[in-house]
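Listed here are the chains, written in short residue letters.
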Amino acid sequence: MAKGDWIQKMLKSKDFHHGAFRREAERAGMSTRAFMNKVLKNPQDYSRRTHDRAVLARTLMRFNKKK
């Protein structure tokens, strides 16, 4: 993989759980974007893993916007 293929490497990682952030947002009764904003505004209220997933969601949403 090329140097810029960090997303592909991350998606193949054993630590990546596809859809986990979306499921957490659904349990909170929110959309993924709304939950992401809530987590990023209040990181002390959530686990480090949830915060990291919110940062990743923001990054991936930005990629989707550019299309």
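About the criteria used
- Residues numbered from 1 in each chain as written.
- Predicted model: local features only at pLDDT ≥ 70, side-chain atom pairs only at ≥ 80, totals over all residues.
- Heavy atoms only, no water.
- Patch = residues over 30% accessible without salt bridge, like charges linked within 9 Å, V, L, I, M, F, W, Y side chains within 5 Å.
- Areas by Shrake-Rupley, 256 points an atom, 1.4 Å probe, with all protein chains shown as cover.
- Salt bridge = Lys/Arg side-chain N within 4 Å of Asp/Glu carboxyl O.
- Lys, Arg positive; Asp, Glu negative; His and termini not counted.
- Charge placed at Lys NZ, Arg CZ, Asp CG, Glu CD.
- Helix = DSSP H or I, 4+ residues; strand = E, 2+ residues; numbered from the N terminus.
- Buried < 20%, exposed > 50% of the residue type's maximum accessible area, 1.4 Å probe, protein only.

Participant: I'd like to hear about a positive patch on the surface, residue by residue, with values.
Facilitator: Among the surface-exposed residues, Arg 33, Arg 58, Arg 62 and Lys 65 lie close enough to one another that they form a single positively charged patch. Examining the composition of the positive patch, we find that three residues originate from one element, helix α4 (residues 48–65), more than from any other. The topology assignment puts Lys 65 in helix α4. Since its relative accessible area comes to 67%, Lys 65 is described here as exposed.

Participant: Which residues make up the environment of Arg 22, and what are the values?
Facilitator: Of note, Arg 22 is situated in helix α2 (residues 20–27). Sequence spacing of Arg 22 and Met 36 is 14 residues, and the spatial spacing of their C-alpha atoms is 9.5 Å.

Participant: Tell me about the pattern of salt bridges, residues and numbers included.
Facilitator: Applying the stated criterion across every chain, the model contains two salt bridges. For Glu 26, the salt bridge identified is with Arg 22, shortest N-O distance 3.0 Å. Highlighted residues: Glu 26 and Arg 22, both in helix α2, separated by four residues, approximately one helical turn. A salt bridge links Asp 52 to Arg 48, with the shortest nitrogen-to-oxygen separation between them at 3.4 Å.

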